[in-house]
Amino acid sequence: MVTIEDVAKQAGVSISTVSRVLNGNTRVNAEVRRRVEVAVAALSYRPNPAARSLRGNKSRIIGLLVSDIQNPFFMALIRGVEDEALRHEYSLILCNSSESPQREQQYLDVLDAERVAGAIIVPTREQLSEETLRRFAERRVPIIAVDRRLKNRGIDAVLVDNLRGAREAVAHLIANGYRRIGVITGPANLTTGRERLAGYRQAVQQAGLALDPALERCGPFTVTCGGELAAQLLDIKPAIDALFVGNNLQTLGALNAIYARGLRVPDDVGVVGYDEVPWAGLGTISLTVVTQPVYELGRTAALRLFQRLDNSGQGSRQEIVLDPELVVRGSSRPRPGVT
C-alpha cells in the first residue's frame, strides 16, 4: 500500500507538506503543490480515512440518523443530505432509530465512537442526554436537528412550517363545505405531531367553528395507527364528513379504514393528507396533500452542518423554516352546493 511517506519522498517534501496539500491548505507554494499532486497521481495514492480520523480526532464522515427508514418521506431527505455531503467531499453513515429513543441513543454512541465530523438527526424525543451533548461538544462536533425540534440549547434546527401546512389544509376543507372534520396526527411528544394538531385547531377556530375534542386523535406515524384511529372517528355520531391526516403512512391506514366500510372519497368522507405519496395523483380519486420540500430539507440541514464545520456558522442557535405547499386534488372537492 502506498503511504503518505512514499508521496513525500517522491515529491521531495516533508510529510506535513503533503498533508497540507491534501487538506486543501492554501499556504503552500504553487510549485511545491504541483510536485505533490504529480507524486500523488504517479503513485495512485489514496488517503486513508481511518488514519486521518485517528490523527485529527475527526473524519470526512458525517452521520445521519433518521426515525423511520421505511417511510418514503425520509428517502428524499436522505438524498438531499447525501448529495450535499458528496459535494463537500464527505461520506455518510446512515442510521435508523425506528422511532425508538433507546436505539437512537445507541446510534449516537456509535457516531461518537466513529469520530464523525458532525451529525444530522431526526429526533425521536424532545431532548438528547446532556452526557451525549457534552461528548460531542468536547470534540467540537455539531449536531443539527431536522424535521423536528430539540429543546437542548444551541442545537440548530431545519424544519418545515407544520402549523401553516395543517392550517391551510383544514381551511381548504372548510372552504369546500366540510364541517365535521376529524384529525389524526402524530404523538404529542413530537413537535410535528403537536404543531399539525395546533394548525388544525387554528383553522377550525378562525372559521368560527367549535372545537370538538372527540374529533381529535393522536398516535404513532404508522399505517396501523392511521387505520385504527380513522376507524374510531368513522364510528362517531354524528358522522364526520372529512379527515385531515398528519402524515403519509397514517393516510394510507385511514384510506384503508374508509374503504373497508364501503365509504367513498370524497362523496362520504373528504380527505387531506400530510406528505406526498407516489400514487397521490393517480387512481379514481387523487389525493389532496400538504407537500413538504423534503429534498431541500435534507440539503439545507447538510449545508448548515458544513457552515458549522468551517466556522462560518458559529454563534447563536439558528432555526431555518421552509414552506409547505397545499396540492389540491379530487379527494377534497367541494361538497354539493358549494362552489
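Basis of the calculations
- Residues numbered from 1 in each chain as written.
- Predicted model: local features only at pLDDT ≥ 70, side-chain atom pairs only at ≥ 80, totals over all residues.
- Heavy atoms only, no water.
- Pairing = 2+ DSSP bridges.
- Helix = DSSP H or I, 4+ residues; strand = E, 2+ residues; numbered from the N terminus.
- Axes fitted to C-alpha atoms, helices over the stretch in contact; angles between N-to-C directions.
- Contact = heavy atoms within 4.5 Å.
- Expected span 1.5 Å × (residues − 1).

(A) The arrangement of the sheet that holds strand β10 (residues 288-291) in detail. Sheet architecture is open: six strands sit in the order β7-β6-β8-β9-β10-β12, paired in mixed fashion. Of all strands in the sheet, those with a lone pairing partner are β7 (216-218) and β12 (325-327), marking the two edges. Ignoring strand direction, the axes of neighbouring strands in this sheet form an average angle of 15°. The sheet contact formed by β10 and β12 spans three bridges and is antiparallel. Bridging across to β12, Val 290 finds its partner in Leu 326. Against the sheet, helix α9 (residues 191-206) contacts β6 (181-185), β7, β8 (242-245) and β9 (270-274), and its axis sits at roughly 165° relative to β6.

(B) Molecular detail of the sheet that holds strand β2 (residues 91-96). One open sheet holds the six strands; their spatial order is β2-β1-β3-β4-β5-β11, and the pairing between them is parallel. Each end of this open sheet is capped by a strand with a single partner; those strands are β2 and β11 (319-322). In this sheet, adjacent strand axes meet at a mean angle of 15° when their direction is disregarded. In terms of strand pairing, strand β1 (residues 61-66) meets β2 through six bridges, oriented parallel.

(C) Representation of α9. When the terminal C-alpha atoms of α9 are compared, their 22 Å separation across 16 residues agrees well with the 22 Å that a helix rising 1.5 Å per residue should span. Contact partners of the buried residues in α9: α8 (162-175), β6, β7, β8 and β9. One or two residues past the end of α9 sits Gly 208, with phi positive at roughly 80°.

(D) Spotlight on unusual backbone geometry. Going from Lys 237 to Pro 238, the amide bond is cis rather than trans, its omega being -5°. Within the fold, Pro 238 resides in the loop between α10 (223-234) and β8. In the segment running from Val 265 into Pro 266, the intervening peptide bond is cis, with an omega of 0°. Structurally, the position occupied by Pro 266 is in the loop between α11 (248-260) and β9.

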